[in-house]
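Reading the structure
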Amino acid sequence: MSNDDILNNPKYRVFACLDQCDMIVQVRVALRDDPSKFVQRHRHVTLKQCRLDDYQLIVSIMAKECEKELENA
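Here goes a summary of the coordinates provided. Please read all numbers here as calculations on a predicted model, not as lab measurements.

**Things to note about the nonpolar core**
- The biggest cluster of nonpolar side chains holds 15 residues, and the ones touching the most others in it are V25, V27 and V29.
- Going through the elements one at a time, strand 2 (24-31) and helix 1 (52-72) are the ones with two or more residues in this core.
- Every residue in contact with V29, bar those within four places of it in the chain, is listed here: Y12, R13, V14, K37, F38, V39, A63, C66 and L70.

Right, here's the structure in full:
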């Protein structure tokens, strides 16, 4: 596992979902040791961005943004 693989990082739990009605990706990253510490983001996406590779990239980028905010808090 590389250090920047947030989706498989044992320190964080990543939850992501796609609201298909509004085309919004929601990502929440929480510390595994303290789930009360979390950061969440949402982003509008296009139908084209919902392909698996693009979706995983978007979730990964958003999760890394959340991770940085958690570490700076």
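**Re the sheet that holds strand 3 (residues 38-44)**
- Read from one edge of the open sheet, three strands run 1-2-3, paired in antiparallel fashion. The outermost strands of the open sheet, each flanked by one partner alone, are strand 1 (12-19) and strand 3. Neighbour to neighbour, the strand axes of the sheet diverge by 15° on average, direction disregarded.

**Examining the pattern of salt bridges**
- Evaluation of the coordinates by the stated rule reveals five salt bridges.
- Note that R41 and E65 form a salt bridge whose closest N and O atoms lie 3.7 Å from each other. Here R41 is found in strand 3, whereas its partner E65 is found in helix 1, with 24 residues between them in sequence.
- A salt bridge links D54 to R51; the nearest nitrogen and oxygen atoms lie 3.0 Å apart.

**A short note on the side chain of E67**
- Among the secondary structure elements, E67 is positioned in helix 1.
- Despite being buried, E67 has no salt bridge partner; K11 is the closest side chain of opposite charge, sitting 6.4 Å away.

**What to know about the packing of aromatic side chains**
- Applying the stated criterion across every chain, the model contains zero aromatic pairs.
- The positively charged end of R28 is found above the aromatic ring belonging to F38, 3.6 Å away from the centroid.

**Details of unusual backbone geometry**
- With a phi close to 55°, M23 is a non-glycine residue in the positive phi region.
- The topology assignment puts M23 in the loop between strand 1 and strand 2.
- Assessed through its relative accessible area of 18%, M23 is described here as buried.

Basis of the calculations
- Within every chain, residues take consecutive numbers counted from 1 along the sequence as written.
- Given that this is a predicted model, residues contribute local features only at a pLDDT of at least 70 and side-chain atom pairs are listed and counted only at 80 or more, while totals for whole chains, interfaces and linings are drawn from all residues.
- Think of the side-chain values as coming from all heavy atoms in the structure, minus any hydrogens and water.
- Residues belong to one nonpolar core when they are buried, are Ala, Val, Leu, Ile, Met, Phe, Trp, Tyr or Cys, and are joined through side-chain atoms within 4.5 Å.
- Categorising residues by exposure relies on relative accessible area from a 1.4 Å probe, with only protein chains included: less than 20% of the type maximum marks a residue as buried, more than 50% marks it as exposed, and the intermediate range marks it as partly exposed.
- Per the convention used, a helix needs a DSSP run of H or I reaching at least four residues, while a strand needs a run of E reaching at least two, with both numbered from the N terminus.
- Contact definition: two residues touch when any of their heavy atoms are within 4.5 Å.
- Two strands form a pair only when DSSP identifies at least two bridges running between them.
- All axes here are fitted lines through C-alpha atoms, helices being fitted over the stretch that makes contact, and every angle between N-to-C directions spans 0 to 180 degrees.
- Should a side-chain nitrogen of Lys or Arg be within 4 Å of a carboxyl oxygen of Asp or Glu, the pair is scored as a salt bridge.
- Lys and Arg are tallied as positive, Asp and Glu as negative. Neither His nor the chain termini are counted.
- Working definition: a ring pair exists when centres of Phe, Tyr or Trp rings (six-membered ring for Trp) sit within 6.5 Å. Plane angles under 30 degrees give stacked, over 60 give edge-to-face, the rest tilted.
- Sitting over a ring, as applied to charges here, requires NZ of Lys or CZ of Arg to be within 6 Å of the ring centre and within 35 degrees of the ring normal.

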